[in-house]
Amino acid sequence: MPTYAPVLDAVLSREPEPDGGVRSGDVDYTVDGTACRGYLAVPADVQGAVPGVLVVHDWLGVTDTVRMRCDMLARLGYAAFAADIYGADVRPSEAEAPTVAGAYYGNPELWRQRVVGAFDRMREEAVVDGSRTAAIGYCFGGSTALLLARTGADLRAVVSFHGGLQAGPEGEAERIRASLLILTGAADPVVPDEAVLAVQNEFRRVPGLDWQVVTYAGAMHAFAVPGVDAPDHGAQFQATAERRSWTAMKDFFAEVL
């Protein structure tokens, strides 16, 4: 298992490591000819198949932040697979990240292809129960997890942590099969109230769709990403919102997975 910076280790340590520990490592795979490098973490003493959770990175790509979340999920008994939307050779700097992420926002077909490819690869793992799957994501990854849900993927649950929210084309929400949990910050300039309302109104028009939105007071964008401290740009880690949002996800998974 990787050795993490103290700011990440402090979050990871909230979930006690199981007696058997966690088995983890990089996973190389391809999507339509593009080499990708994800990460898989599972309970080391797992017997049989367990629910699989796809974890989608923020705009920095697959970093220790994502690996740490996979390890936390493995400590809870899940098989957690970090999707690599960008490809194995793309790990942008803070300065490069907006351009790299923007290329996917501007090319929804490629964006969908990469996340569906990662989801399919996760379900190939023998340890993953393909009938009990979920997807979560942070910032860009939260938007990506919701995009996957909109493809009609066979998911039971999707959780967006401060992901960008945008109503989809007419009829797209009707394809969603997953229950949805949207966790957003009340002080997030990237996801204003109007965007939250637009998505809620879209979901309201779909009978039977199971969704909920939780808003955290004073929380800016990236509130669940340890180490982020850029309030002048509307992004800042907030310990209370991070802790509460993780607990909300755990309770949600306990119900639907």
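Residues numbered from 1 in each chain as written. Predicted model: local features only at pLDDT ≥ 70, side-chain atom pairs only at ≥ 80, totals over all residues. Heavy atoms only, no water.

Put simply, helix α2 (residues 64-75) and helix α7 (residues 239-256) touch, their axes get as near as 13 Å, and they point 45° apart. Between α2 and α7, the interaxial angle falls into the category oblique. When the axes of α2 and α7 are compared, the crossing they make is right-handed. Facing α2, whose interface residues are R69, M72 and L73, α7 presents E242, W246, M249 and F253. Within the contact of α2 with α7, the residues separate by chemical class into 5 nonpolar, no polar and 2 charged. (Axes fitted to C-alpha atoms, helices over the stretch in contact; angles between N-to-C directions. Helix = DSSP H or I, 4+ residues; strand = E, 2+ residues; numbered from the N terminus. Parallel < 35°, antiparallel > 145°, perpendicular 65-115°, else oblique. Left-handed = near helix turned anticlockwise from the far one by under 90°. Contact = heavy atoms within 4.5 Å. Nonpolar A, V, L, I, M, F, W, Y, C, P; charged D, E, K, R; others polar.)

Time to look at the pattern of salt bridges. Using the criterion set out here, one finds 15 salt bridges in the structure. Here R132 and D129 are joined by a salt bridge, their closest N and O atoms 2.8 Å apart. Judged by relative accessible area, which is 24%, R132 ranks as partly exposed. Between R177 and D154 there is a salt bridge, and its shortest N-O distance comes to 3.5 Å. Residue R177 is found in the loop between β6 (157-161) and β7 (179-185), and its partner D154 is found in the loop between α5 (140-150) and β6; the two are separated by 23 residues along the sequence. Judged by its relative accessible area of 33%, D154 falls in the partly exposed class. Among the charged side chains, a salt-bridge network with shared partners connects R150, E172, R175 and E202. (Salt bridge = Lys/Arg side-chain N within 4 Å of Asp/Glu carboxyl O. Buried < 20%, exposed > 50% of the residue type's maximum accessible area, 1.4 Å probe, protein only.)

Take the packing of helix α4 (residues 108-124) against α5 next. In the contact formed by α4 and α5, the axes pass within 10 Å of each other and the chain directions differ by 80°. Of the possible angle classes, the one that applies to α4 and α5 is roughly perpendicular. Seen from α4, the contacting residues are W111, R112, V115, V116 and F119; seen from α5, they are F140, S143, T144, L147 and L148.

Remark: the centre distance and the inter-plane angle together describe each pair of aromatic rings, the angle taken between the planes. Counted according to the given criterion, the structure contains 12 aromatic pairs. Consider the rings of Y138 and F161, whose centres lie 4.5 Å apart with planes at 10°: the pair is stacked. Here the residue Y138 occupies a position in strand β5 (residues 128-138), and F161 occupies one in strand β6, the gap between them amounting to 23 residues. When the ring of F203 is compared with that of W211, the centres are 5.8 Å apart and the planes differ by 55°; the resulting orientation is tilted. Given a relative accessible area of 22%, W211 falls into the partly exposed group. (Phe/Tyr/Trp six-rings, centres within 6.5 Å; stacked < 30°, edge-to-face > 60°.)

Let's shift gears to the side chain of S160. Structurally, S160 can be placed in strand β6. Looking at S160, its side chain comes within polar contact range of the main-chain nitrogen of G163, at 3.3 Å. Apart from residues no more than four positions distant in its own chain, S160 is found in contact with G137, G142, S143, L146, L181, I182 and L183. (Polar contact = N/O pair within 3.5 Å; in protein donor to acceptor, adjacent residues only side chain to side chain.)

Here helix α6 (residues 193-204) is 12 residues long and its end C-alpha atoms lie 16 Å apart, about the 16 Å a rise of 1.5 Å per residue gives. By the burial criterion, the buried members of α6 are A195, V196, V199, Q200, E202 and F203. Looking straight down α6, one finds that the buried residues subtend no more than 160° of arc, so they occupy a single side. Turned more than 90 degrees from where α6 packs its buried face, D193 and E194 sit exposed. (Expected span 1.5 Å × (residues − 1). Arc of directions from axis to C-beta.)

In this section: the pairing of strand β3 (residues 50-56). The buried count for β3 comes to 7 of 7 residues, which makes it a mostly enclosed element. Sheet topology note: the β3/β5 ladder contains 7 bridges and is parallel. Within β5, the residue paired with V50 across the bridge is V128. By the bridge criterion, 5 bridges tie β3 to strand β4 (residues 79-83) in an arrangement that is parallel. Residue pairing for β4: G52 is matched across the bridge by A79. Between the parallel elements β3 and β4, the chain passes through α2 in a crossover that is right-handed. (Pairing = 2+ DSSP bridges. Right-handed = clockwise from strand over helix to strand, strands pointing away.)

With that out of the way, let us pick up the nonpolar core. With 47 residues, the main nonpolar core has L54, I85, L148, L155, V158, L180 and F203 as its most contacted residues. Of all the elements, α5 adds the most residues to this core, at 6 residues. Apart from residues lying up to four places away in sequence, L180 is in contact with L146, A149, V158, F203, D210, W211, Q212 and F252. Judged by nonpolar contacts, the second largest core, of 37 residues, contains L73, Y78, A241 and V256. (Core = buried A, V, L, I, M, F, W, Y, C linked by side-chain atoms within 4.5 Å.)

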